[in-house]
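These are the residues of each chain, in order.
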Amino acid sequence: MATRDPRWVLKDRPSFALIIGLVLTGVCALVSFSFDVLNGAPVQFFIALMLALAPVPLLLAAVLALDRMEPEPRSNLIFAFAWGAGVAVLVAGLINYLNLHYIIDTAKLSEASARNVAATFGAPVVEETMKGLVLLGLLRFRRAELDGPTDGIIYASMVGLGFAMSENVSYYLAALSNSGVKGLAVTVVLRGILSPLAHPLFSSMIGVAVAYAARREGPERVFYILAGWSGAMILHGLWNGLASYGGFPGLVVAYLALLAVLIVLIGVVFKDRRRIVALIQRYLPPYEPTKLVTQADIYMLSTFPRRRQARQWAKAHGGKRGLRAMRDYQLAATELGLLHERAARHMVDEQGFHEEQRALLECMSTARADFPVPTAHARSVARGTPPPGYAPGAPG
């Protein structure tokens, strides 16, 4: 009987629907950028675009650094970023534009006053809703990928970074057109340097809520989602309101509020990492009779420094092949612990559990077969003792 490559369970598997979605988000991004081009000279647009793109690699690296224990599929991450940069920005921009003119016409306010009102009370609702839709989509169609609050934060940050990048193009272009180079410099400092994580932090409220909802059943899921959505809108509205009406003291309070949220979210990520380590330590020991897991392996998998040490050891003794084997093993072992948790929460049926469990074990077996074994340590490895450098301090 033919079987699949066991690594299917670790591979990124983009679907046809995902490809269509990426095309749609790309078209929306082009339409949004075309509006920016029409509102300013092409040269100014490209200046604004380059300034908006400049911090993105660093910000993406910062976000993805949180996603090392159980990396999310790249296609999902790309789609989240593209949704924020394309669909969310385009639809939110159109609604915000219509809302601004509605306020001007009905409330008889000046354009400046109407912009402050719209930014404080209208934009947060529209923008967080558009960004949050992609997170709801993940909950509906890719629920198994939401293994904990860290995953929710990662996806929310990706959509927020995409949204902020496209939005910054419009802000930079407007500043350059209306206030020249000086106005552009001030806007770049405020938006690109001092508050690049604002949108990711707003959306992370929804991301954490959706991740909690993914691990539960019943009406309480709706409560978590509504609470997270409300938190994102309130935080966004508070930020815009303080910036619009509070002057410099308001900006200070707004930045302190974002800093507090950032600290809390970092705490959530570290707590979630401890949860995943506890899953590994709970569910992997019963697999020791298979010889695919040892106490040294569990010790190695329990912290980032020891995981990194093991990868360095594998690369030093086995080159790229050894490094790939160690990465596959670490990911498969982590996924195995998370699979057991999903089964305990009845998030996967028995057949799906056994199919994925078998694939993960086969992947771990294939990876272990490619582990480098230095000749000098072959006998000790055969007795079950980890070779020096594999997991320093592990029980031997």
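Small disclaimer: the values here were computed from a predicted structure and weren't measured. (Residues numbered from 1 in each chain as written. Predicted model: local features only at pLDDT ≥ 70, side-chain atom pairs only at ≥ 80, totals over all residues. Heavy atoms only, no water.)

Visitor: Kindly report on helix H12 (residues 350-369), identifying the contributing residues and their values.
Guide: The periodicity of an α-helix, 3.6 residues per turn, causes residues three or four positions apart to be oriented the same way. Its 20 residues place the ends of H12 28 Å apart at the C-alpha level, agreeing with the 28 Å of an ideal helix rising 1.5 Å per residue. Tucked into the core, H12 has its buried residues touching helix H11 (304-344). (Helix = DSSP H or I, 4+ residues; strand = E, 2+ residues; numbered from the N terminus. Expected span 1.5 Å × (residues − 1). Contact = heavy atoms within 4.5 Å.)

Visitor: Requested: an account of the UniProt feature "transmembrane region" (unreviewed entry) in the chain, with residues and values cited.
Guide: According to UniProt, the feature "transmembrane region" (unreviewed entry) maps to residues 16-35, 41-65, 77-98, 153-173, 193-214, 221-239 and 251-270 in the numbering used here. Taken end to end, residues 77-98 has its terminal C-alpha atoms 31 Å apart, with 100% of it in helix and 0% in strand. Secondary structure over residues 193-214 splits into 82% helix and 0% strand, and the C-alpha atoms at its two ends are 34 Å apart. (UniProt positions renumbered as here; feature names shortened; annotations may be inferred.)

Visitor: Quick rundown of the packing of helix H2 (residues 42-53) against helix H6 (residues 149-193)? Include the residues and the values.
Guide: Think of two packed helices as two axes; the pair is described by the angle between the axes and how far apart they sit. Look at H2 against H6: their axes get within 8 Å of each other, and the N-to-C directions meet at 115 degrees. By the angle between their axes, H2 is roughly perpendicular relative to H6. Crossing angle aside, the handedness with which H2 passes H6 is right-handed. Here Gln44, Phe45, Ile47, Ala48, Leu49, Leu51, Ala52 and Leu53 of H2 lie close against H6, whose contacting residues are Met165, Asn168, Val169, Tyr172, Leu173, Leu176, Ser177, Leu184 and Val188. Within the contact of H2 with H6, the residues separate by chemical class into 14 nonpolar, three polar and no charged. (Axes fitted to C-alpha atoms, helices over the stretch in contact; angles between N-to-C directions. Parallel < 35°, antiparallel > 145°, perpendicular 65-115°, else oblique. Left-handed = near helix turned anticlockwise from the far one by under 90°. Nonpolar A, V, L, I, M, F, W, Y, C, P; charged D, E, K, R; others polar.)

Visitor: Which residues make up the side chain of histidine 199, and what values go with them?
Guide: Checked against the element boundaries, histidine 199 lands in helix H7 (residues 198-214). Among the polar contacts listed, one links the side chain of histidine 199 to the side chain of lysine 131, at a separation of 2.8 Å. Look past the residues within four positions of histidine 199 in its chain and what remains in contact with it is Glu127, Glu128, Lys131, Gly160, Phe163, Ala164, Glu167 and His236. (Polar contact = N/O pair within 3.5 Å; in protein donor to acceptor, adjacent residues only side chain to side chain.)

Visitor: Account for a nonpolar patch on the surface, naming residues and giving values.
Guide: Together, Ile19, Val23, Val27, Val31, Phe35, Leu38 and Leu94 make up a nonpolar patch on the protein surface, roughly 620 Å² of accessible area in all. It is helix H1 (residues 16-39) that provides the largest number of residues to the nonpolar patch, a total of six residues. Looking at the element boundaries, leucine 38 is found in helix H1. Residue leucine 38 is classed as exposed on the basis of its relative accessible area of 70%. (Patch = residues over 30% accessible without salt bridge, like charges linked within 9 Å, V, L, I, M, F, W, Y side chains within 5 Å. Areas by Shrake-Rupley, 256 points an atom, 1.4 Å probe, with all protein chains shown as cover. Salt bridge = Lys/Arg side-chain N within 4 Å of Asp/Glu carboxyl O. Buried < 20%, exposed > 50% of the residue type's maximum accessible area, 1.4 Å probe, protein only.)

Visitor: Please give an account of the domain arrangement of the chain that cites residues and values.
Guide: Reports often express the size of an interface as the amount of accessible area lost when the parts come together. The domain boundaries assigned to the chain delineate domain 1 (15-275) and domain 2 (291-370). A C-alpha centroid distance of 34 Å is found between domain 1 and domain 2. Every contact between the two is made by 12 residues of domain 1 and, on the other side, 12 residues of domain 2. Counting the surface lost from both domain 1 and domain 2, the interface buries some 1,100 Å², and carbon and sulfur atoms represent 55% of this. (Domains from an automatic or database assignment. Buried area = accessible area lost by both parts, 1.4 Å probe.)

Visitor: Talk me through the packing of H6 against H7; I want residue IDs and the actual numbers.
Guide: In the contact formed by H6 and H7, the axes pass within 7 Å of each other and the chain directions differ by 150 degrees. Comparing the axis directions of H6 and H7 gives the class roughly antiparallel. Classified by chirality, the crossing of H7 by H6 is right-handed. On H7, the residues that touch Pro149, Gly152, Ile153, Ala156, Ser157, Val159, Gly160, Leu161, Phe163, Ala164 and Glu167 of H6 are His199, Pro200, Ser203, Ser204, Gly207, Val208, Ala211 and Tyr212. Looking at the contact of H6 with H7 residue by residue, the classes come out as 11 nonpolar, seven polar and one charged.

Visitor: Describe the environment of phenylalanine 81, and please don't skip the residues or the numbers.
Guide: Within the secondary structure, phenylalanine 81 sits in helix H4 (residues 74-107). Owing to a relative accessible area of 17%, phenylalanine 81 belongs among the buried residues under this scheme. For the pair phenylalanine 81 and glutamate 362, spaced 281 residues apart in sequence, the C-alpha separation works out to 33 Å. What phenylalanine 81 contacts, discounting residues up to four positions off in sequence, is Val56, Leu60, Met158, Val159, Leu161, Gly162 and Met165.

Visitor: Provide a residue-level description of the nonpolar core, including the pertinent values.
Guide: Within soluble globular proteins, side chains that are nonpolar tend to cluster in buried spots. Ranked by internal contacts, the top residues of the largest apolar core, which has 48 residues, are Trp83, Leu135, Leu139, Leu146, Tyr155, Met165 and Val169. Sorting the residues of this core by element identifies H1, H2, helix H3 (56-64), H4, helix H5 (111-141), H6, H7 and helix H8 (220-245) as the ones contributing at least two each. Considering each element in turn, this core owes the most residues, 14 residues, to H6. The next biggest cluster of nonpolar side chains, apart from the first, holds 34 residues, and it includes Val293, Leu336, Leu361 and Met364. (Core = buried A, V, L, I, M, F, W, Y, C linked by side-chain atoms within 4.5 Å.)

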